[in-house]
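# Descriptive structure summary
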Amino acid sequence: MVTPSQSEAAYQYVKLRTDKRVAYVTIHRPPVNALSTAVIAELAACMERLAVDTEVKAIVLTGEGKLFVAGADIKEFSGAFGDKEQGSLMALSASQTFQRIAAMTKPVICAINGGALGGGLELAMCCHLRIAANDAQLGLPELKLGLIPGYGGTQRLARLVGQAKAVEMILMSRPITGKEAERIGLVNRAVPADELQSTAVQWAEYIASERSSVSVAAALKAISRGLDVTLEEGLQLEAELFGELFVSEDMREGVTAFVEKRKAGFRDR
């Protein structure tokens, strides 16, 4: 269970609290947590704040109420009818925010309650780990609007589940359940709805208490940056990051603890 938070902060559409070195970010825009321009801007500001907060080692992202995020705020799209440049800028702004989340060196765990549709699934896919309720609905229905996913969906979905399944999900526009999402690798774990939050908390607290933030950051850099380069370049990056850890206090502590057969006491340095 989540214990009372040690610190809290609130935006208009995003709730933030921290506890045990874990930040809990909750999107709060009733009734369906639609991603308006203002919501995305607040989420960006919140994540940028957490990126430099040395007291935070892991982040849990979820939505308030019965849904994670039902999608983008479609009403905002009507204001861009006939304006190609405005439509492109709207998509680019959101996708750049999501990419900054994906590039964070602190793990972001997405707890998908209810539905993650359209922009909601695109936001979930930019997180490092995803846990969904068994009966959650995940999908990219943009083609029903005469659009395509514009916040990274066509790129991230294919990378996560493969081209064929991504094409099927996008062209058919049918959502899948959390259990099916786990089967195809879209989420890491599907659990009963009443266990969703506690599972996300367990994962986040485990990382925050049992892992060095230095090595976690290096691992996330190696994985995310390695996807955008050749295998040879990725191996070189991995070796460089591996070497950099040899001058960290936590590497010395981890190796010494292993030799001495005791639990490591990492100090995130």
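Note that this is a predicted model, so its numbers are computed, not measured. (Residues numbered from 1 in each chain as written. Predicted model: local features only at pLDDT ≥ 70, side-chain atom pairs only at ≥ 80, totals over all residues. Heavy atoms only, no water.)

### Some words on the nonpolar core
- Counting 54 residues, the largest nonpolar core has Val25, Met47, Leu61, Ile112, Leu123, Leu138 and Leu186 as the members making the most contacts within it.
- Grouped together as the second largest cluster of nonpolar side chains are 17 residues, Ala111, Leu129, Leu196 and Leu220 included. (Core = buried A, V, L, I, M, F, W, Y, C linked by side-chain atoms within 4.5 Å. Buried < 20%, exposed > 50% of the residue type's maximum accessible area, 1.4 Å probe, protein only.)

### Observations concerning the layout of surface pockets
- Considered as a void within the structure, the largest pocket measures approximately 820 Å³ in volume.
- As for the largest pocket, its lining consists of 26 residues, and the residues nearest its centre are Ala102, His128, Ile223, Ser224 and Leu227.
- Breaking the lining of the largest pocket down by element, the ones donating at least two residues are α3 (84-102), β7 (129-133), α5 (153-161) and α9 (213-226).
- It is α9 that provides the largest number of residues to the lining of the largest pocket, a total of six residues.
- Grouping the amino acids of the lining of the largest pocket by side-chain chemistry returns 14 nonpolar, six polar and six charged.
- The space that makes up the second largest pocket amounts to roughly 580 Å³. (1 Å grid on protein atoms, 1.4 Å probe; cavity = no way out; pocket = protein on both sides within 12 Å on 5 of 7 lines; lining within 4 Å. Points joined across faces, edges and corners; volume = space filled by probe spheres on them. Helix = DSSP H or I, 4+ residues; strand = E, 2+ residues; numbered from the N terminus. Nonpolar A, V, L, I, M, F, W, Y, C, P; charged D, E, K, R; others polar.)

### Structural notes on the confidence of the model for the protein chain
- When the pLDDT values of the protein chain are averaged, the result is 94; 96% of them are 70 or greater.
- Predicted confidence is poor over residues 1-6, with pLDDT under 50, and the contacts of this stretch with residues over four places away or in other chains come to 13 contacts. (pLDDT = per-residue confidence, 0-100. Contact = heavy atoms within 4.5 Å.)

### Some words on the packing of α5 against helix α6 (residues 163-172)
- At a minimum axis distance of 7 Å, the contact between α5 and α6 shows a crossing angle of 135°. It follows that α5 is oblique to α6 by the angle criterion. Relative to α6, α5 is oriented so that their crossing is right-handed. Within the contact between the two elements, α5 uses Gly153, Thr154, Leu157, Ala158 and Val161 and α6 uses Gln163, Lys165, Ala166, Met169 and Ile170.
- Classifying every residue of the contact of α5 with α6 by side-chain character gives six nonpolar, three polar and one charged. (Axes fitted to C-alpha atoms, helices over the stretch in contact; angles between N-to-C directions. Parallel < 35°, antiparallel > 145°, perpendicular 65-115°, else oblique. Left-handed = near helix turned anticlockwise from the far one by under 90°.)

### A closer look at the side chain of Ser248
- By the secondary structure assignment, Ser248 is in the loop between α10 (231-245) and α11 (249-259).
- Given the relative accessible area of 9%, Ser248 is considered buried.
- A polar contact of 2.7 Å, which involves the side chain of Ser248, links it to the backbone oxygen of Leu245.
- Of the polar contacts made by the side chain of Ser248, one reaches the backbone nitrogen of Met251; its length is 3.1 Å.
- Setting aside its immediate chain neighbours within four residues, Ser248 contacts Val214 and Arg269. (Polar contact = N/O pair within 3.5 Å; in protein donor to acceptor, adjacent residues only side chain to side chain.)

### Points about α9
- In this model, α9 (14 residues) spans 19 Å end to end at C-alpha, consistent with the 20 Å of a helix rising 1.5 Å per residue.
- Taken together, the buried positions of α9 are Val216, Ala217, Ala218 and Leu220.
- Looking at the buried side of α9, the elements it contacts are α8 (196-210) and α10. (Expected span 1.5 Å × (residues − 1).)

### So, the state of the cysteines
- As enumerated under the stated definition, the model contains zero disulfides in all.
- Residue Cys110 stays outside any disulfide, its sulfur separated by 4.4 Å from that of Cys127, the closest cysteine.
- On the accessibility criterion, Cys127 (4% relative accessible area) is buried. (Disulfide = S-S within 2.5 Å.)

### Digging into the pattern of salt bridges
- Scanning the model with the defined rule gives eleven salt bridges in all.
- Put simply, Asp73 and Arg29 hold a salt bridge, and the shortest N to O gap is 3.0 Å. Of the two residues, Asp73 is situated in the loop between β4 (58-63) and α2 (74-77) and Arg29 in the loop between β3 (22-27) and α1 (37-51); the sequence distance between them amounts to 44 residues.
- As a salt-bridge pair, Arg269 and Glu249 come within 3.2 Å of each other at their nearest N and O atoms. A residue pair is termed long-range when its members are at least 10 positions apart, and Arg269 in the segment after α11 and Glu249 in helix α11 qualify at 20 residues.
- For Arg269, a relative accessible area of 43% puts it in the partly exposed group. (Salt bridge = Lys/Arg side-chain N within 4 Å of Asp/Glu carboxyl O.)

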